[in-house]
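Each chain, written out:
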Amino acid sequence: MLIGHIAAATKTIRVGSGGVMLPNHAPLVVAEQFGTLEEIYPGRIDLGLGRAPGGDFQTMRALRRGLAQDGEDFPALLEELRTYLGPERPGQLVKAIPGQNSNVPITLLGSSDFSAQLAAALGLPFAFAAHFAPDALDAAAKCYRERFQPSEVLQNPYLLVAVPVIAASTDAAAQRLFTAPNNFFLRLIRGESLELLPPVDSMEPLWSDIEKAAVENRLGAAIVGSDATVQVGLEKLVNDTPCR
């Protein structure tokens, strides 16, 4: 819904998902949804796909997922989806209408080397979730880069890295804003409700040393500060994660 809303309000930018957790959705439904978007906004739609369940036990039950699923069927689901988005194959009984032959570009999303290996083997773009798994970034980027196989989609690896970025007029102002995501991840590791709370002056009264270390580990790739500080941080990220 948001992709369609944003695409309708713009004329040239590409709009995509970040992303669709494929195990939670039937590949045919995803193909027809994104095929419809591609028909309405040709050449502007991207499909980002992840393999995580995207929720806890109660969420999976609400989505009617098999509770024993562990994401290992993701390659098969991806192949089925690509069948519906690509050219019709001889003897193909089920077709996505619309969607068939739309060739909506697919990017695989991941926070480990599983999707990195799969994206490399299929010659697809790969986006890494360093906004919550920064420790695995270097290994996943290296795996994708070294194992990449050229395809009809890409001749060279194409890596995207998601990191938290907070910019403000000063470093101090940005650090205060940064307490909001700190508080979010603190509530996450405590198993509490996950509404985004307003910034606070200091996190020190709110967490223990162990909780502080856990949250800082989750947000280790964050780039926080003034415009100049953020620019330096982004340039370092690009230099540290080359694709070639």
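It should be noted that the structure appears before, not after, this text.
Let us look at the structure shown here. (Residues numbered from 1 in each chain as written. Predicted model: local features only at pLDDT ≥ 70, side-chain atom pairs only at ≥ 80, totals over all residues. Heavy atoms only, no water.)

Focus on the pairing of strand β3 (residues 45-50)
Within a regular strand, the side chains alternate between the two sheet faces.
Here comes step 1: The buried fraction of β3 amounts to 5 of the 6 residues, a majority that puts the element mostly inside the structure.
Here comes step 2: With 2 bridges joining them, strand β2 (residues 20-21) and β3 adopt parallel strand pairing. Its bridge partner lying in β3, M21 is registered against G50.
Here comes step 3: Between the parallel pair β2 and β3, the chain is carried across by helix α2 (residues 27-40), and the sense of this crossover is right-handed.
Here comes step 4: With 3 bridges connecting them, β3 and strand β4 (residues 106-110) associate as parallel partners. The residue of β4 that forms the bridge with L49 is L108. (Buried < 20%, exposed > 50% of the residue type's maximum accessible area, 1.4 Å probe, protein only. Helix = DSSP H or I, 4+ residues; strand = E, 2+ residues; numbered from the N terminus. Pairing = 2+ DSSP bridges. Right-handed = clockwise from strand over helix to strand, strands pointing away.)

Here we look at α2
Here comes step 1: Given a rise of 1.5 Å per residue, 14 residues ought to cover 20 Å, and the 20 Å separating the end C-alpha atoms of α2 matches this to within 8%.
Here comes step 2: Listed as buried for α2 are P27, V30, A31, F34, G35, L37 and E38. Down the axis, α2 shows its buried residues gathered within 160° of arc, on one side only. Exposed residues lying more than 90 degrees from the buried face of α2 are E39 and I40. (Expected span 1.5 Å × (residues − 1). Arc of directions from axis to C-beta.)

Remarks on the packing of aromatic side chains
Here comes step 1: Here the structure, examined in full by the defined rule, presents 4 aromatic pairs.
Here comes step 2: Between Y144 and F148, the ring centres sit 5.8 Å apart and the planes meet at 80°, which makes this aromatic pair edge-to-face.
Here comes step 3: One aromatic cluster is present, built from ring pairs that chain together F126, F128, Y144 and F148.
Here comes step 4: Sitting above the plane of the F114 ring, R51 keeps its charged end 3.7 Å from the centroid. (Phe/Tyr/Trp six-rings, centres within 6.5 Å; stacked < 30°, edge-to-face > 60°. Lys NZ or Arg CZ within 6 Å of the ring centre and 35° of its normal.)

Quick look at unusual backbone geometry
Here comes step 1: Along the chain, G18 connects to G19 via a cis peptide bond; the corresponding omega equals 0°.
Here comes step 2: When you line up the elements, G19 lands in the loop between β1 (15-16) and β2.
Here comes step 3: Of note, the amide linkage connecting I97 to P98 takes the cis form, showing an omega dihedral of -5°.
Here comes step 4: Inspection of the secondary structure puts P98 in the loop between α4 (74-85) and β4.
Here comes step 5: Positive phi values are uncommon outside glycine, yet N101 reaches one of about 65°.
Here comes step 6: Inspection of the secondary structure assignment puts N101 in the loop between α4 and β4.
Here comes step 7: Accessibility expressed as a relative area gives 46% for N101, which makes it partly exposed.
Here comes step 8: In this structure, N103 is a non-glycine residue whose phi angle is positive, near 50°.
Here comes step 9: Looking at the secondary structure, you find N103 in the loop between α4 and β4.

Purely geometric numbers; function is a separate question.
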